[in-house]
Amino acid sequence: MFYIYTCALSSVSFDAAFGKGCCNHSSVGCLRAQEVKMQSIRSCIVGGLRVCRRRPPCWTLQPAGPCAWASTRGSDLGVHSREAKCKGGLEDFHAKLAAGPSLQHFLQDARPVQETQRLPAEAAEDSEPYLGSRTLADAPRKVYLETYGCQMNVNDTEIAWSILQKSGYLRTSSLEEADVILLVTCSIREKAEQTIWNRLRYLTALKSKRPRLQAPLRIGILGCMAERLKEKILEREKLVDLVAGPDAYRDLPRLLAVAETGQQAANVLLSLDETYADILPVHTSASPTSAFVSIMRGCDNMCTYCIVPFTRGRERSRPVASILQEVQALSDQGVKEVTLLGQNVNSYRDTSEAQFLSATPTQLSRGFNSVYKPKQGGLRFADLLDRVSAIDPEMRIRFTSPHPKDFPDEVFQLMKERHNICKHLHLPVQSGSTRVLEAMRRGYTREAYLALVHLIRDSLPGVTLSSDIIAGFCGETEDDHRQTLSLLREVRYNTAFIFAYSMREKTRAFHHLQDDVAPEVKQRRLKELMTVFREEASRANAAAVGRVQVVLVESTSKRSALDLCGRNDGNIKVIFPDVEVDDGTGLGSQVRVQPGDYVLVKISSSSSQTLRGIPLCRTTLKGSTGFGGAD
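This one's a predicted model, so the numbers in the text were calculated from it and none came from an experiment.

A. Representation of the confidence of the model for the chain. Here the chain averages 82 in pLDDT, and 76% of its residues register 70 or above. This stretch, residues 1-82, has a pLDDT under 50; its non-local contacts, to residues over four places away or in other chains, come to 127 contacts. Between residues 109-127, whose pLDDT stays under 50, and residues either more than four places distant or in other chains, the model counts 28 contacts.

Next comes the structure, spelled out in C-alpha cells:
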C-alpha cells in the first residue's frame, strides 16, 4: 500500500525539521536520523479537507516517478539508503524537492493511492484535479433539489442548479432516480428545522435501501440550516455527506467530488462580497410568468430575535449592471413579473463603480433609526427601481422583503409614477408595542410606524399592505399583546405572516433576554392575532368588490380545472372562470386567456385571502392604467 504525505514548510522549517548541521551526511541518512522529528507530518490535505492516515511502521521518502512522491514499506530500506547516499548532500535533496510534485498532484484523487497505481506523469494545467479519473462526462450524476423557506431560498436553489448544471450534473424530479439529494433549508424557526430533521431521517432510510449495484446516494444540506448547525449535522447526526452554507454554492462541485470518496465535506464560510452576480440562475419557478431576482444578500440590522445575520452574513449589494442584465434576459424570455429579492431589499447600496461613490449619507424614513452608523454613498434602491422598471413597461416589478426604516419619499414617488411597479408593500411591524419593539431593536416606535403607514396611503391610494408579526416575544405582557391587536385593526393589512416566537441560538435575544412567555400563552396570542387579522383582511378585500382590476394569469386554479388563477396589482389572488373573452384588440375577436396574459376582471366576491370575479377582456399594462383599483 502506498501512502502520500505532504507538508507545506518554509526553508526555515525544513532546516528545523532536518537539522541545520547535517550537511556532512547524505540526505537520506539525514532523513532517517531525523525521522522522529517528522512524526507529526502525517496529514494529506485533500481539497481543503484534513484526512488523517496512519503511518506505516517503517517508511522513507522515495521518488515514485517524475511527478509523484510516495512512501513504501519493505525490507529494501538499506538498498534505497545506499543508493541515496550516492546522490549528494542536503543541497541535492533541496534540488530534488524543488523539481518534485506540486500540490495539484496530491489533489488528483481524494482516495489513497493503491499499490498498483501511480499518479500520472503530468497533470493537465487546466483540469480540475479534485474530479479524479472518473468524470461526470463518463457517468452523469442526477441531482434532486428540494427547497424550504423563503423566496431567497428559491433563488438560492436556482443559483445552485446553475452551478451544478455547468459541472455536468443532470436534474431529476424523482427521488428514486437521484444520485444526489440536496435540501435548501430554512433556519428562521425551530419548526422549520424540525421539518428538515424529519426529512433527513426519511432520506437516510432511502439511502440504506439503495441497491449495491448503484453508486451510493449522497445527501447534502444547503442554506441557512447548514450555516447554523454545521457541527451537529456532520458530527452528531451523521445523516448527510455534505454541508454548504449560503455563500459556498460555487464550491458544490468540489464538495460533491469529495463526498464521492466516502468522506464528509463542508464549506460554511460566510463572505463579505459574494453576491453570485456573475451566475445567471436557472429559473425553476412553477409559473413561467414570474421570476425572482436577488439584488443583495445578508443583513446588518441585528434585530434581537433574528438569526439571518448569522446565517446569511453582512449586507452586500449586487452590481446594478448584472441585475439589469438578468432582468432584460427575463423580459426577452417572456417573463411578465419580476420580484427583486433581499433580506433587507430596500437598503440596497451599490458601490461597485466610482461614479456611485459620494459623501451623501443614507436617508431613513422619518422617525426611524438604525443600530449602525449611516452608510455613505452608493447607488440606492430608488435608483435601481427606476432602472429596472424602465426595461420593460409590460413587466410588473415587485420587491421583498424591505425594512420600514429604509423608505425615503423617492421610493413612493417612483411607485406612483410607474404603472408597472406594483402598488403593494410588505411592511414588517413585528409588534404593536413600543416597549417590545425596543427590546427587538427594530429602530422605531409604534407611533413612527403608524405615521409611515399614513404617509404611504396618502402617497399611493389603493395600496395593499402586508406584514410580519411575532406572538409572545421575550417579556411580552398582555398589554403589549393588546397593543399589537389594536395595531392590526388600525392598519388593516391585506396579508400577514404571524408566528409564535421561537428563540434561536447565536441571536442577541438568546444571549441577553429570557424566553419567558409560556408556550400555551404564545399559542393563545397567536390564535387571537390571526383571528383579528382575518377579520380586518376580509373587510379590506371587500372594498374591491364591484371594481375592475388587472390580473396577471398564472395557472389553472388548484381547486377547479374550470377556473383560472392570477394575482392583481396588490398581490391578492384572484379566481375567475376559464372562458372566452374579448381579445382586447377592438376587432371583436374572442380568445381564451393563457398564463402570462393580463386580463381585466370585475370583482364579484371576496374573502380574507382571495377575490373572485368575471373576466372581461385581455389587456396590457399600459392600456389598463386606469383600472388598478377603479370602479
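More follows now that the structure is in view.
B. Fine view of the packing of helix H12 (residues 320-332) against helix H13 (residues 381-389). Contact pair H12 / H13: the axes reach a minimum separation of 10 Å and the direction vectors enclose 30°. When the interaxial angle is binned, H12 and H13 end up roughly parallel. Between H12 and H13 lies a crossing of right-handed hand. On the side of H12, the interface is formed by Val320, Ile323, Leu324 and Val327, while H13 contributes Leu384, Arg387 and Val388.

C. Here's a closer look at the sheet that holds strand E19 (residues 464-471). Strand order in this open sheet of three strands is E18-E19-E20, and the pairing throughout is parallel. Both edges of this open sheet fall to strand E18 (424-426) and strand E20 (495-500), since each of them pairs with a single strand only. Mean inter-strand twist for the sheet, computed between neighbouring axes without regard to direction, equals 10°. Relative to E20, E19 is paired through six bridges, and the arrangement is parallel. Counted as the bridge partner of Ser466 is Thr495 from E20. Helix-sheet contacts for helix H19 (residues 519-542) involve E19 and E20, and the interaxial angle to E20 is about 170°.

D. Structural detail: the pairing of strand E26 (residues 598-606). Here strand E21 (residues 548-556) pairs with E26 via five bridges, running antiparallel. Its bridge partner lying in E26, Val550 is registered against Leu600. Bridging between E26 and strand E27 (residues 610-619) involves eight bridges; their strand directions are antiparallel. Residue Lys602 lies in a different strand from E27, and its bridge partner there is Ile614. Where E26 folds back on E27, the antiparallel hairpin that results is connected by three residues.

E. Molecular detail of the packing of H13 against helix H14 (residues 409-417). Following both chains from N to C, one finds H13 and H14 inclined at 15°, their axes separated by 9 Å at the closest point. Overall, the two elements H13 and H14 adopt an arrangement that is roughly parallel. Along this stretch, H13 crosses H14, giving a crossing that reads as left-handed. Residue-level contacts link Phe381, Ala382, Leu385 and Asp386 of H13 to Glu410, Val411, Leu414 and Met415 of H14. Partitioning the contact of H13 with H14 into residue classes produces six nonpolar, no polar and two charged.

F. Here's a closer look at helix H17 (residues 478-491). Helix length check: H17, at 14 residues, gives a terminal C-alpha distance of 20 Å against a target of 20 Å (1.5 Å per residue), a fit within 8%. Of the residues making up H17, those classed as buried are Asp480, His481, Thr484, Leu485, Leu487, Leu488 and Val491. Seen along its axis, H17 keeps its buried residues to an arc of 160°; they face one direction. Taken together, the buried residues of H17 touch helix H15 (434-440), helix H16 (446-459), E19 and H19.

G. Examining the sheet that holds strand E14 (residues 337-341) more closely. Overall, parallel pairing links the three strands, which are arranged E11-E14-E17 in an open sheet. Single-partner strands in this sheet number two, and they are strand E11 (290-294) and strand E17 (396-400). Within this sheet the neighbouring strands show an average axis-to-axis angle of 25°, counted without direction. Pairing between E14 and E17: five bridges, direction parallel.

H. Representation of the nonpolar core. By size, the foremost hydrophobic cluster in this structure holds 59 residues, and its most contacted members are Leu340 and Leu385. It is H16 that contributes the most residues to this core, six residues altogether. Excluding residues that lie within four positions of it along the chain, Leu340 makes contacts with Val293, Ile295, Val345, Phe381, Leu385, Val388, Ile397, Arg398, Phe399 and Thr400. Counting 24 residues, the second-largest nonpolar core is a separate cluster that includes Val143, Ala160, Val184 and Tyr249.

I. Representation of the packing of aromatic side chains in the model. The final tally for this structure, using the stated rule, is seven aromatic pairs. Taken together, a centroid distance of 5.1 Å and an interplanar angle of 45° make the contact between Phe368 and Tyr444 tilted. Of this pair, Phe368 sits in the loop between strand E15 (349-350) and strand E16 (379-380) while Tyr444 sits in the loop between H15 and H16, and the two are 76 residues apart along the sequence. For the pair Phe368 and Tyr444, a shared accessibility class is recorded, and that class is buried. On the basis of an interplanar angle of 75° and a centroid distance of 4.9 Å, the ring pair of Phe473 and Tyr501 is categorised as edge-to-face. Pair noted here: Phe473 is in the loop between E19 and H17 and Tyr501 is in the loop between E20 and helix H18 (508-512), with a separation of 28 residues, a long-range link. Pairwise contacts between aromatic rings join Tyr305, Phe473 and Tyr501 into one cluster. Here the basic side chain of Arg189 rests over the ring of Phe499, its NZ or CZ set 3.5 Å away from the ring centre. Over the aromatic face of Tyr372 sits the side chain of Lys375, whose NZ or CZ is 4.5 Å from the ring centroid.

Criteria and cut-off values
Residues numbered from 1 in each chain as written. Predicted model: local features only at pLDDT ≥ 70, side-chain atom pairs only at ≥ 80, totals over all residues. Heavy atoms only, no water. pLDDT = per-residue confidence, 0-100. Contact = heavy atoms within 4.5 Å. Axes fitted to C-alpha atoms, helices over the stretch in contact; angles between N-to-C directions. Helix = DSSP H or I, 4+ residues; strand = E, 2+ residues; numbered from the N terminus. Parallel < 35°, antiparallel > 145°, perpendicular 65-115°, else oblique. Left-handed = near helix turned anticlockwise from the far one by under 90°. Pairing = 2+ DSSP bridges. Nonpolar A, V, L, I, M, F, W, Y, C, P; charged D, E, K, R; others polar. Expected span 1.5 Å × (residues − 1). Buried < 20%, exposed > 50% of the residue type's maximum accessible area, 1.4 Å probe, protein only. Arc of directions from axis to C-beta. Core = buried A, V, L, I, M, F, W, Y, C linked by side-chain atoms within 4.5 Å. Phe/Tyr/Trp six-rings, centres within 6.5 Å; stacked < 30°, edge-to-face > 60°. Lys NZ or Arg CZ within 6 Å of the ring centre and 35° of its normal.

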